[in-house]
Structure formats: structure tokens, C-alpha cells
Amino acid sequence: MATTIFPLEPTPAEAQAEIAEEFSFFGDWSERYQYLIDLGRKLPTFPEEWKNEEHRLLGCQSMVWIVPEGNADKLVFHAISDSAIVSGLIYLALRVYSGRSAAEILATAPDYVTAIGLAKHLSPTRSNGLAAMLAFIQDTAKAQQQ
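Model, not experiment: these values are computed from the prediction.

Here we look at the environment of Glu9
Next, step 1: Its location among the elements puts Glu9 in the segment before α1 (12-24).
Next, step 2: For Glu9, a relative accessible area of 11% translates into the label buried.
Next, step 3: Remark: the alpha-carbon pair of Glu9 and Val96, spanning 87 residues in sequence, is separated by 8.3 Å.
Next, step 4: Here Glu9 is in contact with Glu14, Ala15, Glu18, Arg95 and Arg100, once residues within four sequence places are set aside.

Written as C-alpha cells, this is what we have:
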């Protein structure tokens, strides 16, 4: 089991509120992209042996690997990308969803994506990749509830 720093906040709603507040401090998107890069650098170490096709997330232009562990009571996601900005997007998703129950994950829409303007400022390929990652997290939670 790899180490995780998530969850940082007690609930997904609080995580999303904190994310929105942090991003509100930045005046323009160049600052927000730099902050995303900085967040990506905070991701826990991702074991090299996990960087394989089995754990590769399809639908992303960048290389993204994601490994879920746990059960319906608590799902932890480990993930990394070869792209600095995408690693920041991963950090945000894990901050909201990792370390939560399957029920919490399924009950939480990714409102932070719109709240901080990501939906408008990501390239189509990054938006597709983010959607693929969020879908993977939701699908994993659904599978654990069955």
C-alpha cells in the first residue's frame, strides 16, 4: 500500500470549498496554472512498478496512471501523470474523492471544476482527460457498492 495524504478535509464539500477559495486568490489563469503545477508536485510518491498498461488511464493525452484500493467504506486513489498540469488536476480530484466512502464519492458532483473555471480554461484534450479520471473514480465507487 502506497502512502496517501488524502483526505485533507473532513468532507468532499469542504474540500471543494477550500479549492474554490484557494483559486479565488489568483487574478489570472497563468497564476492558476502555476498553482496547479505546484499542487501536482505535492502528490505522494507513485511506485514505478505501478506505471504500466494495467493502471494507465485511457482517454488522456498525457500519460496518467491511477490505482484504487480499499472497499465501499473507504476508497483511496493513487495517481500520477507525466504532465505537470495534469498532475495538479489529479491532486484536486484526489483531494475531493480519495479517502472517502463509495457513497460519499457517488453523492459528490465535481462542482469545483466549474467553480474555479477549469471547464472554460482547459484544452479539450485536458478536459477529456479530467472527465475520464472523474469517471474512473465514480465507476470504481459504483463497483464497490455492488
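Remarks on the environment of Phe26
Next, step 1: Inspection of the secondary structure puts Phe26 in the loop between α1 and α2 (29-40).
Next, step 2: Excluding residues within four positions of it along the chain, Phe26 makes contact with Glu31, Arg32 and Tyr35.

Looking at α1
Next, step 1: Over its 13 residues, α1 runs 18 Å from end to end, which matches the ideal 18 Å to within 8%, given 1.5 Å per residue.
Next, step 2: Within the span of α1, buried status applies to Pro12, Ala15, Gln16, Ile19, Glu22 and Phe23. Along the long axis of α1, the arc covered by the buried residues comes to 125°, so they all point the same way.
Next, step 3: Those residues of α1 hidden inside the fold are in contact with α2, α3 (84-97), α4 (102-106) and α5 (111-115).

Concerning the packing of α1 against α3
Next, step 1: The geometry of α1 relative to α3 is characterised by a closest axis approach of 7 Å and an angle of 145° between their N-to-C directions. Contacts from Pro12, Ala15, Gln16, Glu18, Ile19, Glu22 and Phe23 in α1 reach Leu92, Arg95 and Val96 in α3.
Next, step 2: Counted by class, the contact of α1 with α3 contains 6 nonpolar, 1 polar and 3 charged residues.

Topic: the nonpolar core
Next, step 1: In terms of nonpolar packing, the biggest core is built from 46 residues, with Leu92, Tyr112, Leu118 and Leu130 touching the most fellow members.
Next, step 2: Only α1, α2, β1 (64-71), β2 (74-81), α3, α4, α5 and α7 (124-145) provide two or more residues apiece to this core.
Next, step 3: Considering every element that reaches this core, the biggest residue donor is α3, with 10 residues.
Next, step 4: Setting aside residues up to four positions removed in sequence, Leu130 forms contacts with Leu89, Tyr112, Val113, Leu118 and Leu122.

Examining unusual backbone geometry
Next, step 1: Cis geometry marks the peptide bond from Phe6 to Pro7; its omega dihedral reads 0°.
Next, step 2: Take Pro7: it is sitting in the segment before α1.

Here we look at the confidence of the model for the chain
Next, step 1: Residues with a pLDDT of 70 or more make up 99% of the chain, whose mean pLDDT is 94.
Next, step 2: Across the chain, the element-wise mean pLDDT spans from 88 in helix α6 (residues 118-121) up to 98 in α4.

Section: the packing of α3 against α7
Helices that pack against each other are described as a pair by the angle of their axes relative to one another and the distance between those axes.
Next, step 1: Two numbers describe how α3 lies on α7: the axes approach to 11 Å, and their chain directions differ by 30°. Classified by the angle between their axes, α3 and α7 sit roughly parallel to one another. In the crossing of α3 with α7, the sense of the turn from one axis to the other is right-handed. Residue-level contacts link Ile85, Val86, Leu89, Ile90, Ala93 and Tyr97 of α3 to Arg126, Leu130, Met133, Leu134, Ile137 and Gln138 of α7.

Rules used throughout
- Residues numbered from 1 in each chain as written.
- Predicted model: local features only at pLDDT ≥ 70, side-chain atom pairs only at ≥ 80, totals over all residues.
- Heavy atoms only, no water.
- Helix = DSSP H or I, 4+ residues; strand = E, 2+ residues; numbered from the N terminus.
- Buried < 20%, exposed > 50% of the residue type's maximum accessible area, 1.4 Å probe, protein only.
- Contact = heavy atoms within 4.5 Å.
- Expected span 1.5 Å × (residues − 1).
- Arc of directions from axis to C-beta.
- Axes fitted to C-alpha atoms, helices over the stretch in contact; angles between N-to-C directions.
- Nonpolar A, V, L, I, M, F, W, Y, C, P; charged D, E, K, R; others polar.
- Core = buried A, V, L, I, M, F, W, Y, C linked by side-chain atoms within 4.5 Å.
- pLDDT = per-residue confidence, 0-100.
- Parallel < 35°, antiparallel > 145°, perpendicular 65-115°, else oblique.
- Left-handed = near helix turned anticlockwise from the far one by under 90°.

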